[in-house]
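Report on the structure
Single-letter residue listing:
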Amino acid sequence: MNTTTLYDLSSSKKIISFSGEDAAHFLQGQTTCDVLALKNSDAVFGAVCNPKGRVITLFHLIKHDETYYMVLSSGMASIIIKRMKMFVFRSKVEITDASNDYKVFGINQPLPPAMSSLLAPLKSIKYQSDSELSLLIVATQQYTTAKTDPSIALQSNETDWQLLLINECIPEITTETSELFIPQMLNMDLLNGINFQKGCYTGQEVVARMHYKGTVKRRLVQFHTEKDRAAGESIHCPDDPNSVGTILNSLNIGGETNTGLVVLKTSFINDEALQLDDKSELILHKPTYGLGE
């Protein structure tokens, strides 16, 4: 029997629901994506920014019936719920942690029709149109019924999933990296995570100014290195007094080999091996989706 590998992301992903007659307009004013354009069962990538245009969190947003579900890093969920409730005022919107009602899985292959029928996912969210890397949102009750099926191969170790995201240069924000980057530094404009035609939202002025009047001077790329790196760590090069980049994440993939994502000054990205002032080096890889050059 053919099996389908599902990566259990319960420990790293949570889901927030937004309901009520003002939910769409409320989210439209808080996110980089065009919420009002979402049709039923649509999904979109986006960011919540602070007034300075710095990304507080990244998320995928799903519309199902009249409720919106935000899938985001687990460490950011309580922070976002608290922040969003601060801006509700008189809006008719209810914000709830729906993580107990749904489970989040990663998948890196087409979902077979039989598996789709078995799991009945609320949504399958593809990270990129030309990739099978996706998130599956499944009702907890539905999964409880289906999990004993022999066609499901459950992978509970998230290291392999994180490596898949790193290899495709897909950013994720955690508490260590929240409010460090403008969305374009995370390649959000290249991943369809910013709508530049929508109306105002928190941080929009800074994000739009970079798009229309400036150039993106830092971009997200993958790196390999022998030295352990920490999320949020600044990196420096010899003879340059300023930081040239910031580590977004890092993963040990065996022995002294580490890989991850780094937000780096674009003037340094063309170098195959970036020499750092601590005598180590980063081997750089541009994303397959390109850097909009």
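Check the entry above for the structure.
Bear in mind that the values here come from a model prediction, so they are computed numbers and not experimental data.

**Some words on the overall build of the protein**
- When you go through the protein residue by residue, the secondary structure sums to 7 helices and 16 strands.
- Whereas a compact globule of 293 residues would reach a radius of gyration of roughly 19 Å, the protein reaches 19 Å, a difference of no more than 12%.
- With the C-alpha coordinates of the protein rotated into their principal frame, the extents come out at 60 × 50 × 30 Å.
- Counting over 293 residues, the protein shows a buried share of 50%.
- When contacts within the protein are restricted to residue pairs at least 6 apart in sequence, long-range pairs at least 24 apart make up 69% of them.
- Of the roughly 13,800 Å² that the protein leaves accessible, carbon and sulfur atoms contribute 47%.
- For the protein, the distance from the average position of its 26 positive side-chain charges to the average position of its 33 negative side-chain charges is 8 Å.

**A few points about the packing of aromatic side chains**
- In this structure the tally under the stated criterion is 5 aromatic pairs.
- Note on phenylalanine 105 and tyrosine 143: the rings are 4.8 Å apart at their centroids and 50° apart in plane angle, and the pair reads as tilted. With phenylalanine 105 in strand β7 (residues 102-107) and tyrosine 143 in helix α4 (residues 140-146), the pair connects residues that are 38 residues apart, well separated along the chain.
- Since its relative accessible area comes to 0%, phenylalanine 105 is described here as buried.
- Through a chain of ring-to-ring contacts, three or more aromatic side chains come together here, namely Tyr7, Tyr127 and Trp161.

**Details of the pattern of salt bridges**
- Counting across every chain of the model gives 6 salt bridges.
- Note that lysine 13 is salt-bridged to glutamate 172, the shortest N-O span being 2.8 Å. Of this pair, lysine 13 sits in strand β2 (residues 13-19) while glutamate 172 is found in the loop between α5 (159-167) and α6 (204-212), placing the two residues 159 residues apart along the sequence.
- Here glutamate 21 and lysine 92 are joined by a salt bridge, their closest N and O atoms 3.9 Å apart. Here glutamate 21 is found in the loop between β2 and α1 (23-28), whereas its partner lysine 92 is found in the loop between α2 (74-86) and β6 (94-97), with 71 residues between them in sequence.
- Residue lysine 92 is classed as exposed on the basis of its relative accessible area, which comes to 52%.
- Connected via shared salt-bridge partners are Arg229, Glu233 and Asp278.

**A few points about the sheet that holds strand β4 (residues 55-64)**
- Pairing is antiparallel across the open sheet formed by 5 strands, whose spatial order is β3-β4-β5-β2-β6. Because the sheet does not close on itself, it has two edges, and the strands there are β3 (43-49) and β6. When the angles between neighbouring strand axes are averaged without regard to direction, this sheet yields 30°.
- Both β2 and β6 contribute to a ladder of 4 bridges, which runs antiparallel. The residue of β6 that forms the bridge with isoleucine 16 is aspartate 97.
- Along the sheet, α2 makes contact with β2, β3, β4, β5 (67-73) and β6, crossing β5 at roughly 135°.

**Let's talk about the state of the cysteines**
- Overall, the coordinates contain 0 disulfides when judged by the stated rule.
- In this structure cysteine 49 is not part of a disulfide, and its nearest cysteine sulfur, from cysteine 33, lies 10 Å away.

**Some details on the nonpolar core**
- Counting 44 residues, the largest nonpolar core has Ile15, Leu58, Leu135, Ile137, Trp161 and Leu186 as its most contacted members.
- The contact partners of isoleucine 15, leaving out residues within four places of it in the chain, are Tyr69, Met70, Val71, Thr96, Asp97, Ala98, Ser99, Tyr102, Val104 and Ile137.
- Counting 25 residues, the second-largest nonpolar core is a separate cluster that includes Ile56, Tyr68, Ile81 and Met84.

**Re the pairing of β2**
- With 5 of its 7 residues buried, β2 lies for the most part within the structure.
- The sheet contact formed by β2 and β5 spans 6 bridges and is antiparallel. Note that in β5 the partner of isoleucine 15 across the bridge is valine 71.

**Structural notes on α6**
- What α6 keeps buried is the set Val207, Ala208 and Met210. Buried residues of α6, viewed axially, fall in a sector of 160°; they line one side. Facing away from the buried surface of α6 by more than 90 degrees, the exposed residues are Glu205 and Tyr212.

**With respect to empty space enclosed by the protein**
- Considering all chains together, one arrives at 2 cavities of 30 Å³ or more under this definition.
- Reported here for the largest cavity is a volume of approximately 70 Å³.
- In this structure, the largest cavity is lined by 13 residues; those nearest its centre are Lys13, Phe45, His60, Pro171 and Glu172.
- Of all elements in the fold, only β4 and β5 reach the threshold of two or more residues within the lining of the largest cavity.
- Of the residues assigned to the lining of the largest cavity, the class counts are 9 nonpolar, 2 polar and 2 charged.
- Of the pockets and cavities examined, the second largest cavity occupies roughly 40 Å³.
- Here the lining of the second largest cavity is composed, by residue class, of 3 nonpolar, 3 polar and 1 charged.

Basis of the calculations
Going along each chain's sequence as written, the residues are numbered from 1 onward. Residues qualify for local features only when their pLDDT is at least 70, as the model is predicted, and side-chain atom pairs are given and counted only at 80 or more; totals for whole chains, interfaces and linings, by contrast, use all residues. In computing side-chain properties, one takes all heavy atoms of the structure into account and sets aside hydrogens as well as water. Helix numbering and strand numbering both begin at the N terminus, where a helix is a DSSP run of H or I of at least 4 residues and a strand a DSSP run of E of at least 2. Radius of gyration here uses only the C-alpha atoms, and the compact-globule reference equals 2.2 Å multiplied by the residue count raised to the power 0.38. Three labels apply to residues, based on accessible area from a 1.4 Å probe with only protein chains included: buried if under 20% of the type maximum, exposed if over 50%, partly exposed otherwise in between. What makes two residues a contact is simply this: any of their non-hydrogen atoms within 4.5 Å. What sets the accessible areas is the Shrake-Rupley method with a 1.4 Å probe; for residues, cover comes only from the shown protein chains. Charge convention: Lys and Arg are scored as positive, Asp and Glu as negative, and His as well as the terminal groups of each chain are ignored. For the purpose of locating charges, the reference atoms are NZ of Lys, CZ of Arg, CG of Asp and CD of Glu. Between the rings of Phe, Tyr and Trp (Trp by its six-membered ring), a pair exists once the centres lie within 6.5 Å; its type follows the angle of the planes, with under 30 degrees stacked, over 60 edge-to-face, and the other angles tilted. For salt bridges, the criterion is a side-chain nitrogen of Lys or Arg within 4 Å of an Asp or Glu carboxyl oxygen. Any two strands are treated as partners once DSSP identifies two or more bridges connecting them. Interaxial angle, 0 to 180 degrees, is taken between N-to-C directions of lines fitted to C-alpha atoms, where a helix line uses only the stretch in contact. Here, two cysteine sulfur atoms that lie within 2.5 Å of each other are counted as a disulfide. Here the nonpolar core consists of buried residues drawn from Ala, Val, Leu, Ile, Met, Phe, Trp, Tyr and Cys, with membership extended through side-chain atoms lying within 4.5 Å. Regarding the arc, it is the one traced by the directions from the helix axis to the C-beta atoms. Every definition here rests on a 1 Å grid over the protein atoms only: cavities are sets of points where a 1.4 Å probe fits but cannot get out, pockets are open sets enclosed by protein on both sides within 12 Å along at least five of seven lines, and lining residues have some atom within 4 Å of a point. Grid points are joined across faces, edges and corners, and a volume is the space filled by probe spheres set on the points. Classes in brief: Ala, Val, Leu, Ile, Met, Phe, Trp, Tyr, Cys and Pro nonpolar; Asp, Glu, Lys and Arg charged; the others, Gly included, polar.

Keep in mind these numbers describe shape, not what the thing actually does.
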